[in-house]
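Structure at a glance
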Amino acid sequence: MRWNFMQFRWTVAAFGALALTSPPAFAQTAAIASGGETIAVSGIDNILIRHPAAKGSLILLTGGDGRLDVGPNGHFRSGADNVLIRNRDAFAAKGYDVLLVDKGTSLANAVKTMADIKRPVTVVATSAGTPRATRGLLEGAKPDRLVLTSGFLSKESGPSESVMAILGSPDLLPPTLVVHHREDGCRFTRPEGVAPFQAWAGKRVTVKWLSGGQQQGNPCRARAHHGFSGQDEELVGLITDFAGK
């Protein structure tokens with residue numbers, strides 16, 4: 001069938017109107033975890049990436065409001081740029097089962113879920129996810145290890161509730177790794193907050209400092225030193241080495 005010019009114009013216009021008025025499908029707009037599956041933990045959808053020969057499990061807590069907006073089949077709408085979430089496949093490639101945790105999930109139940117799949121279980125939290133991880137410890141979460149990156153660690157970190165203030169005592173801390181950037185410019189995670197936390201937690205805590213990388217935009221966002229921009233490979237290595245000890 002041969003179309004004339006007016007038919008062609010009408011067809012283009014119709015498809016254009018459809019694109020403007022039709023809501024996009026989830027899979028067309030959302031990020032995806034390669035090989036990930038959506039699983040329910042505490043009635044909340046999370047994403048699990050399985051490794052065929054896992055040597056342990058990592059539970060990732062994003063920063064900000066903690067929201068990933070997980071949908072079916074390993075898709076999610078929010079948080080893909082966060083330093084932990086954007087490295088989800090890199091963590092799995094290092095030999096770990098990886099759970100991406102959405103807002104509202106019980107950390108205690110998440111740890112139990114992953115412990116049933118593969119121990120040791122390491123909770124990895126960044127920025128505003130660090131106080132959420134801490135509250136999870138108070139509510140009964142018992143990970144084998146804990147990693148706090150760009151953390152709200154002490155009152156010297158900035159004007160927000162800190163890990164120290166929430167816990168009160170370091171007794172509930174499992175072996176803990178703190179990773180911080182020496183030039184973190186976020187007002188909630190100043191580098192000055194690390195030393196008081198380390199002194200308070202004592203031998204439970206190991207501190208690793210990063211320098212260099214890239215600084216772009218908002219100092220509290222993923223593309224700044226706060227989010228270890230340009231240093232993903234080094235950060236993933238530090239976290240997985242600690243988780244594998």
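Above this text is the structure in question.
Residues numbered from 1 in each chain as written. Predicted model: local features only at pLDDT ≥ 70, side-chain atom pairs only at ≥ 80, totals over all residues. Heavy atoms only, no water.

1. Let's talk about the layout of surface pockets
Empty space within the largest pocket amounts to approximately 440 Å³. Residue lining of the largest pocket: 22 residues in total, with Gly 63, Gly 64, Asn 82, Cys 220 and Arg 221 positioned closest to the centre. Looking at the lining of the largest pocket, its residues break down into eight nonpolar, 10 polar and four charged. When its volume is computed, the second largest pocket comes out at roughly 210 Å³. Taken together, 15 residues line the second largest pocket, and the ones lying closest to its centre are Leu 61, Gly 104, Thr 105, Leu 107 and Arg 132. A per-element tally of the lining of the second largest pocket places helix H6 (residues 129–138) first, with four residues. (1 Å grid on protein atoms, 1.4 Å probe; cavity = no way out; pocket = protein on both sides within 12 Å on 5 of 7 lines; lining within 4 Å. Points joined across faces, edges and corners; volume = space filled by probe spheres on them. Nonpolar A, V, L, I, M, F, W, Y, C, P; charged D, E, K, R; others polar. Helix = DSSP H or I, 4+ residues; strand = E, 2+ residues; numbered from the N terminus.)

2. A word on the pairing of strand S9 (residues 176–181)
Counting buried positions over the six residues of S9 gives six, a clear majority of the element. Pairing of S9 with strand S10 (residues 205–210) involves six bridges; the strand directions are parallel. In the strand pairing of S10, Val 178 is matched with Val 207. A crossover connection joins S9 to the parallel S10 through helix H8 (residues 194–201); in handedness this β-α-β unit is right-handed. (Buried < 20%, exposed > 50% of the residue type's maximum accessible area, 1.4 Å probe, protein only. Pairing = 2+ DSSP bridges. Right-handed = clockwise from strand over helix to strand, strands pointing away.)

3. Describing the environment of Glu 233
Turning to its location among the elements, Glu 233 is positioned in helix H9 (residues 232–243). Separated by 146 residues in the primary sequence, Glu 233 and Asn 87 place their C-alpha atoms 8.6 Å from one another.

4. Let's talk about the sheet that holds S9
Backbone hydrogen bonds are what pair the strands of a sheet, in a parallel or an antiparallel way. If you trace the eight strands from one edge of the open sheet to the other, you get S2-S3-S6-S4-S7-S8-S9-S10, paired in mixed fashion. Each of the sheet's edge strands pairs with one partner strand only, and the pair in question is strand S2 (36–41) and S10. Strand after strand, the sheet turns through a mean of 20 degrees between neighbouring axes, direction not considered. Taken together, the five bridges between strand S4 (residues 57–61) and strand S7 (residues 121–126) define a ladder with parallel strand orientation. When the bridges of S7 are listed, Ser 57 appears paired with Val 121. Its contacts with the sheet place helix H5 (residues 107–117) against S2, strand S3 (44–49), S4, strand S6 (97–100) and S7, and it is angled at close to 155 degrees to S4. Of the strands in this sheet, S4, S7 and strand S8 (145–149) touch H6, which is tilted by about 140 degrees from S7. (Axes fitted to C-alpha atoms, helices over the stretch in contact; angles between N-to-C directions. Contact = heavy atoms within 4.5 Å.)

5. Side note on the environment of Ala 80
The residue Ala 80 is located in the loop between strand S5 (75–76) and helix H3 (83–86) in this model. The class for Ala 80 is partly exposed, based on a relative accessible area of 31%. Setting aside its immediate chain neighbours within four residues, Ala 80 contacts Ala 31, Ile 85, Arg 86 and Arg 88.

6. Description of the state of the cysteines
A complete count under the given rule lists one disulfide for this structure. The residue that forms a disulfide with Cys 186 is Cys 220, at a sulfur-sulfur distance of 2.2 Å. Where Cys 186 bonds to Cys 220 through sulfur, the torsion about that S-S bond is close to 95 degrees, and the disulfide is right-handed. With Cys 186 in the loop between S9 and H8 and Cys 220 in the loop between S10 and H9, this pair connects stretches of sequence that are 34 residues apart. Overall, the relative accessible area of 2% leaves Cys 186 in the buried class. Judged by relative accessible area, Cys 220 falls into the partly exposed class, the value being 25%. (Disulfide = S-S within 2.5 Å.)

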